[in-house]
Amino acid sequence: NLQFSLNLFELNPVKAKELIDNSIKLLDDSSKELKQTIFEPATLSNLGIINCIKKFIENNNILNFSFNITGKERPLIPKQELYIWRLFKEFINNVTYNQNSKNVEILFNFEVNEPFMSITNEGFEIKIKSDRPSQPDLDILVKDAEKFSCKVEIKGEKILITIK
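Here we summarise the structure given alongside this text.

Conventions used here
Positions within a chain are numbered from 1, following the residues in the order the chain's sequence is written. Side-chain atom pairs in this predicted model are given and counted only at pLDDT of 80 or more, local residue features only at pLDDT of at least 70, and totals for whole chains, interfaces and linings cover all residues. Water and hydrogen atoms play no part in the side-chain values, which are based on all heavy atoms of the structure. When DSSP finds two or more bridges between a pair of strands, those strands are recorded as paired. For the purposes of this entry, the term helix denotes a DSSP run of H or I that reaches at least four residues, the term strand denotes a run of E that reaches at least two, and both are numbered from the N terminus. Inter-axis angles, ranging from 0 to 180 degrees, are taken between N-to-C directions of lines fitted to C-alpha atoms, where helices are fitted over the stretch in contact. Think of a salt bridge as a Lys or Arg side-chain nitrogen and an Asp or Glu carboxyl oxygen that are within 4 Å of each other. Exposure is judged per residue with a 1.4 Å probe applied to protein chains only, and the accessible area is read against the type maximum: over 50% gives exposed, under 20% gives buried, and values in between give partly exposed. Two rings belonging to Phe, Tyr or Trp (six-membered ring only in the last case) form a pair when the distance between their centres is within 6.5 Å. Interplanar angles under 30 degrees mark stacking, angles over 60 mark edge-to-face geometry, and anything in between is tilted. Residues adjacent in sequence count toward polar contacts only when both atoms are side-chain atoms; beyond that, a polar contact is any pair of N or O atoms within 3.5 Å, and within protein one must be able to donate a hydrogen and the other to accept it.

**Remarks on the sheet that holds strand S4 (residues 150-155)**
Item 1. Here we have five strands laid out as an open sheet, ordered S1-S2-S3-S5-S4, and mixed in their pairing. Of all the strands in the sheet, just strand S1 (64-70) and S4 have a single pairing partner and so form its edges. Within this sheet the neighbouring strands show an average axis-to-axis angle of 10 degrees, counted without direction.
Item 2. Two strands pair when backbone bridges link them, and S1 and strand S2 (residues 103-109) are joined in this way by seven bridges, in the parallel orientation. Opposite Thr70, over in S2, you have Asn109 as the bridge partner.

**Observations concerning the pairing of S2**
Item 1. As defined by bridge partners, S2 adjoins strand S3 (residues 116-121) across six bridges and the pair is classed as antiparallel. Bridge pairing links Phe108 to Met117 in S3.

**Things to note about the pattern of salt bridges**
Item 1. Applying the stated criterion across every chain yields a total of five salt bridges.
Item 2. Residues Glu18 and Lys15 are paired through a salt bridge, measuring 3.6 Å at the closest nitrogen-oxygen approach. A residue pair is termed a helical-turn pair when its members lie 3 or 4 positions apart in one helix, as Glu18 and Lys15 do in helix H2 (residues 13-38) at three residues.
Item 3. Among the residues examined, Glu18 registers a relative accessible area of 42% and is labelled partly exposed.

**Here's the deal with the packing of aromatic side chains**
Item 1. One pass over the full model with this rule turns up seven aromatic pairs.
Item 2. Seen from their ring centres, Phe56 and Trp85 are 6.2 Å apart, and the 85 degrees between their planes marks the pair as edge-to-face. Placement of the pair is Phe56 in helix H3 (residues 40-59) and Trp85 in helix H4 (residues 78-98), with a sequence separation of 29 residues.
Item 3. Looking at Phe56, the relative accessible area reads 8%, which means it is buried.
Item 4. Through pairs of rings, three or more aromatic residues link up here, namely Phe56, Phe65, Trp85 and Phe88.

**Topic: the side chain of Asn109**
Item 1. Mapped onto the elements of the fold, Asn109 is located in strand S2.
Item 2. Classification of Asn109 as buried rests on a relative accessible area of 11%.
Item 3. A polar contact is formed between the side chain of Asn109 and the side chain of Thr70, at a distance of 3.3 Å.

And the structure:
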């Protein structure tokens with residue numbers, strides 16, 4: 001993106017500046033995300049997955065979130081919380097990267113024997129394989145679901161995580 005912007009600079013400096021500004025913003029956002037990621041395990045163990053996601057939503061200024069919980073919240077196994085957090089973050093990274101969606105709906109349902117979490121976005125079909133070489137693919141996380149006593153289904157614009 002930066003190399004393209006530099007090449008474009010002579011032809012269209014306004015567009016080049018816009019692309020460079022977008023690249024700088026992505027780098028800044030990535031830096032903030034990296035700092036947050038470093039502290040994930042401690043934060044998850046202290047706050048739990050629900051509160052971590054709420055905190056993420058409060059600190060996010062890129063996407064619009066709808067967050068709902070049905071049923072009586074109950075604790076999850078720490079390794080499940082870490083897995084759900086990683087899947088959630090990769091989903092958000094994909095949505096942010098593709099910039100086709102600005103609205104994300106998150107639902108935790110504790111009313112059933114096997115609680116579940118669904119994450120839905122508008123206007124963006126979830127890609128199992130990432131376009132970004134530096135990012136893990138969702139398919140790796142999906143394949144690991146059984147290790148964390150979870151089941152993951154991806155349907156169009158939705159991820160459904162069932163916790164066994």
